[in-house]
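# Architecture at a glance
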Amino acid sequence: MTDTTTKYIFVTGGVSSSLGKGIIAASLAKLLQAQGYRTTIQKLDPYINIDPGTLNPYEHGECYVTNDGAETDLDLGHYERFLNVPTSQANNVTTGRIYQSVIDKERRGEFLGKTVQVIPHITDEIKHRIQILGKSGDYDIVLTEIGGTVGDIESLPYVEAVRQLKWEMGNQNALVIHLTLIPYLSAAGELKTKPTQHSVKTLMESGVQADVLVCRTEHELSDGIRTKLARFCNVKREAVIQSIDASTIYDVPNMMLEEGLDKVVLNQLQLESRNPDLTSWNNFVTKLKNPKGDVVIGLIGKYVELQDSYKSILEAFIHAGAANEVKVKVVSIHSEFLNAENVTSKIAHLDGILVAPGFGERGIEGKIEAIRYVRENKIPFFGICLGMQMAVIEYSRNVLGLHQANSSEMDDKTPFPVIDLMETQKQVTEKGGTMRLGSWKCDLLEDSKVAAVYNETSIMERHRHRYEFNNDFKQQIENSGMKATGFNPDTGLVEIVEIPNHPWFIGVQYHPEYKSTVANPHPLFLSFVRAALNYKTKK
Ligand code: GLN
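Residues numbered from 1 in each chain as written. Predicted model: local features only at pLDDT ≥ 70, side-chain atom pairs only at ≥ 80, totals over all residues. Heavy atoms only, no water.

## Here we look at the layout of surface pockets
Put simply, the second largest pocket is a space of about 720 Å³. Contributing to the lining of the second largest pocket are 38 residues, with Gly53, Gly358, Phe359, Met435 and Arg464 lying nearest its centre. Taken together, the elements giving at least two residues each to the lining of the second largest pocket come down to α2 (57–60), α15 (386–398) and β19 (458–465). When the residues that make up the lining of the second largest pocket are grouped by side-chain class, the tally is 16 nonpolar, 14 polar and eight charged. (1 Å grid on protein atoms, 1.4 Å probe; cavity = no way out; pocket = protein on both sides within 12 Å on 5 of 7 lines; lining within 4 Å. Points joined across faces, edges and corners; volume = space filled by probe spheres on them. Helix = DSSP H or I, 4+ residues; strand = E, 2+ residues; numbered from the N terminus. Nonpolar A, V, L, I, M, F, W, Y, C, P; charged D, E, K, R; others polar.)

Rendered as structure tokens:
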């Protein structure tokens, strides 16, 4: 049954990838949410992987983890950061997942001897997945972002599903926004509309008429260009929306408000346009743009060439910086090229370092060098997941004198596996979706630094790892000064380590960055940035 009680907005892309569909979807959703509509966003990814969990960050950026343990596209991170509403597995669907469930049904005989085909079976499964969130009754409006670019072979079943849904739901219940690029030819000194005309036609060849055009551009669209686009592409003049390059993604909701995107959308969906309440959002943007100082944080990782690999960490710094009214300048430091000889020159001038999550051996010795330096020189240190594990290894090697200490991920013959495979992981052979994933409870020791940071003694945080702090070494490590201060109450797994006589040295096994939002900057990032600021002032 087609859902006709929820309103659906589909966001497609044309001309080029990387135009920022996720940010446009999140910005529009923010405007709708700020008018009192319960809104969520979903991403459909046309690739054949079941989820991005097995993808290298170089391929597809960071893998974002939801409360329910889904490994998802990084756009879901933007959705949560903008809306401050958690997403779930239902918010990210891939072609792999669609085919897997259709094939599973076929094996169970559910198609009653019929030939299984792209239309209707694959498209029905896509339509079902699109409507799961709407049918839950939790939302007035569901935005569905279709990954890729129209015309891609992989996107065809999704565009077909949108065509069918729009027909079944009617234009007052389903609307298509097409995000496109208006290139500027500097030799001619002109913005060009032809690629957009072609991409709207490509969409029409599949039977889908765009209702709204969001035009990504480096220069203002003139009236003439807007009229021309409207005329050639069959959209209303007011439905040609300019999306000019912004200095921060957090400006985009206000830019869309100025362009009237929310009004055009609500009008077609026959919903009332209200005055959006963006007070707290705008407070954040004002602080973000008017820092009273700055701090320089080194992000030590191995995927440093690409911004997207550590997206949530970078955004969490933006939230924490704005809240502290400082600009957090994050410098990427490639751990592979960091060693005892150059560590001083690369780190001494920083106000703090964050050692990033990661997998595998590449670059870990550089991370350990960096941690030794900041531990000894009392520079604020924040370790996340692998970063926490490296802090435990560094401490075991250089303070306890266990020089061969390691994680069994890196050296399965180490005599001192201070980080070891979790018991529950020992029988696991499949790679996809088999880590310790999602939100888990963690109890904090009352007199710990983290309890003060959170101002709580019981927290929930999201995980994505196979290895853990080895409790066999806990006593020995704690006797030397490093303390375990956060524990999973059911399993006793150590989730947090800290060094009490260091100004700010905290390593966490979980990923706090996934939970930082504009409305709720993460307490650990807030406190770490404050510690970096203190360190800088005392320096
Ligand atoms: N590779 C480590 C593990 O699996 C750390 C994972 C991470 O940093 N997300 O435990």
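## Some points on empty space enclosed by the protein
Applying the stated criterion across every chain yields a total of one cavity of 30 Å³ or more. A volume near 40 Å³ is recorded for the largest cavity. Here the residues of the lining of the largest cavity are counted per class, giving four nonpolar, four polar and one charged.

## Structural notes on the pattern of salt bridges
Per the counting criterion, the structure on display carries 37 salt bridges. A salt bridge links Lys43 to Asp45; the shortest N-O distance between them is 3.4 Å. For the pair shown, Lys43 and Asp45 are each scored as buried. Here Asp51 and Arg97 are joined by a salt bridge, their closest N and O atoms 3.7 Å apart. Here Asp51, found in the loop between β2 (39–45) and α2, pairs with Arg97, found in helix α4 (residues 95–107); they are 46 residues apart in sequence, far enough to count as distant. As far as the burial class goes, Asp51 and Arg97 line up, both buried. Here the salt bridges share partners, and the residues they tie into one network are Lys43, Asp45, Asp73, Asp75 and Glu145. (Salt bridge = Lys/Arg side-chain N within 4 Å of Asp/Glu carboxyl O. Buried < 20%, exposed > 50% of the residue type's maximum accessible area, 1.4 Å probe, protein only.)

## Here's the deal with α4
Taking 1.5 Å as the rise per residue, α4 with 13 residues should run 18 Å; its terminal C-alpha atoms sit 18 Å apart, in good agreement. Turning to α4, its buried residues number three or more, namely Thr95, Gly96, Arg97, Ile98, Ser101 and Val102. Considering only its buried residues, α4 is in contact with β2, β5 (92–94), α5 (118–135) and α6 (156–169). Backbone geometry just after α4 places Gly109 at a positive phi near 80 degrees. (Expected span 1.5 Å × (residues − 1). Contact = heavy atoms within 4.5 Å.)

As far as function goes, none of this settles anything; it's purely spatial.
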